[in-house]
Amino acid sequence: MWQNSTTTQRKGYYLAGVGLSSGHQLDAIAEEANELLVRVNAAIQGGEQDEAIKSYIRLAEILFEIAPFVPKNTPENWRELLTGWLQGLTINEIAPNSSSQVLDFIEDAFVYRLPWGMEAIKVRAQANDDQVGDFSVDDFELSVAVPALETGTLNISAAVLMQSGFSSRIAAITAVESTDATFVDGASLKVWLASEQVNSLFAAGGWPTVETEPLWLDFVNKITRPTNKVWKKQGFVGTPIWNDAADISHETFLRLHIGEDGKNVLLSRDYSPLGELSERFPANLSGLLISKINHQSSKIDFTYYGEEIV
């Protein structure tokens, strides 16, 4: 490594998370790769979807030849899969007859390896003070292409929404497109969430989609909850109502599921139902709850780390 690289090169390889051989390969493609990275970010910001996809495909073509960015298995139609992924299509729409295999490939190639390769190109270029045209690489906005690729949408607002914790890709795209959202960061996301338009759509029901309405409510409650509250350790003792067939052992740890109907269901560590809890915990607990049968099987010890339960 020391005999075959300069100090600047070693810094770039280290930041990129690659070794000497892969680093030399990144050096060899740097001129084209840097230009592509600038182009794909600019195309996304400018709403030029076709140009963005074209640049992504070319980046993948050169990065998929360099370890460790080579996917485990690369189907012949990977370019079509990448196009569909970036267009926001569902996995079934992308590959209706082999969705499981395609999902594995997408997670490996488009969510893991290609983003890593693109970040490697960026940090290597920054370490080497590379130029693209008449400008330093640091003069360009390069922060939108990787999140867009990881989340599977060229809509910046949808990508921000998913990165903020909303886990449904299709519903995120639906939400921002139906409101013509233009937020680009967490602060503007919260302004959008508090808007009359968003609240009216949700109040009408079935938004962003019928299936994800509960998921949306949980996301909004979490992201809008005040973050300046101090967590405390609190202890509680609960009274269980065991099922007849429940196998109960002293000092056994349990899982507590707080259902939408208000029932607190007691589960084993492998999620087998054991009974119910007489008391009721709030449904919006945001901390860590540890449940364990005490030396008397008629009681359960709870330890909760989180905002104070009143």
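Presented here is an overview of the structure given in this document. (Residues numbered from 1 in each chain as written. Predicted model: local features only at pLDDT ≥ 70, side-chain atom pairs only at ≥ 80, totals over all residues. Heavy atoms only, no water.)

Within the largest apolar cluster, 51 residues are counted, with the highest numbers of intra-cluster contacts made by L26, I44, Y56, L82, F110, M118 and L149. Listing elements by their share of this core, those giving two or more residues are α1 (7-16), α2 (20-45), α3 (49-63), α4 (78-86), α5 (91-94), α6 (99-127) and α7 (145-151). F110 has contacts with F64, W78, L81, L82, W85, F105, P115, L149 and E150, leaving out every residue within four places of it along the chain. Counting residues in hydrophobic clusters, the runner-up holds 21 residues, among them A171, W192, V220 and I223. (Core = buried A, V, L, I, M, F, W, Y, C linked by side-chain atoms within 4.5 Å. Buried < 20%, exposed > 50% of the residue type's maximum accessible area, 1.4 Å probe, protein only. Helix = DSSP H or I, 4+ residues; strand = E, 2+ residues; numbered from the N terminus. Contact = heavy atoms within 4.5 Å.)

Right, let's talk about helix α9 (residues 169-179) for a bit. Listed in full, the buried residues belonging to α9 are R169, A171, A172, I173, A175, V176 and T179. For α9, the side-chain oxygen to backbone nitrogen distance between the N-cap and A171 is 3.2 Å, and the N-cap itself is S168. Two residues or fewer past α9, D180 is found with a positive phi of approximately 50 degrees. (Polar contact = N/O pair within 3.5 Å; in protein donor to acceptor, adjacent residues only side chain to side chain.)

Another aspect to go through is α4. Taken as a whole, α4 has its buried residues at W78, L81, L82, G84, W85 and L86. Summarising the contacts, the buried residues of α4 are in contact with α3, α5, α6, α7 and α9. The positive-phi residue at the C-terminal boundary of α4 is G88, with phi of around 85 degrees.

Here we come to the sheet that holds strand β8 (residues 288-293). The seven strands lie next to each other as β3-β9-β8-β5-β6-β7-β4, forming an open sheet whose pairing is antiparallel. Two strands close off the open sheet at either side, each with one partner strand: β3 (232-238) and β4 (240-242). Strand-to-strand twist across the sheet, computed as the mean angle between neighbouring axes with direction ignored, equals 30 degrees. Looking at chain direction, strand β5 (residues 253-258) and strand β6 (residues 264-267) are connected through four bridges and run antiparallel. (Pairing = 2+ DSSP bridges. Axes fitted to C-alpha atoms, helices over the stretch in contact; angles between N-to-C directions.)

Here β4 runs beside strand β7 (residues 273-277); their pairing, made up of three bridges, is antiparallel. Looking at β7, one finds that W242 is bridged to G275. Taken together, the three bridges between β6 and β7 define a ladder with antiparallel strand orientation. Each bridged residue has a counterpart across the sheet, and for V265 the counterpart in β7 is E276.

With omega at 10 degrees, the peptide bond leading from A67 into P68 counts as cis. Locating P68 in the fold gives a position in the loop between α3 and α4. In this chain, W207 is followed by P208 through a cis amide linkage whose omega measures 5 degrees. With respect to the helices and strands, the residue P208 is situated in the loop between α11 (196-203) and α12 (213-224).

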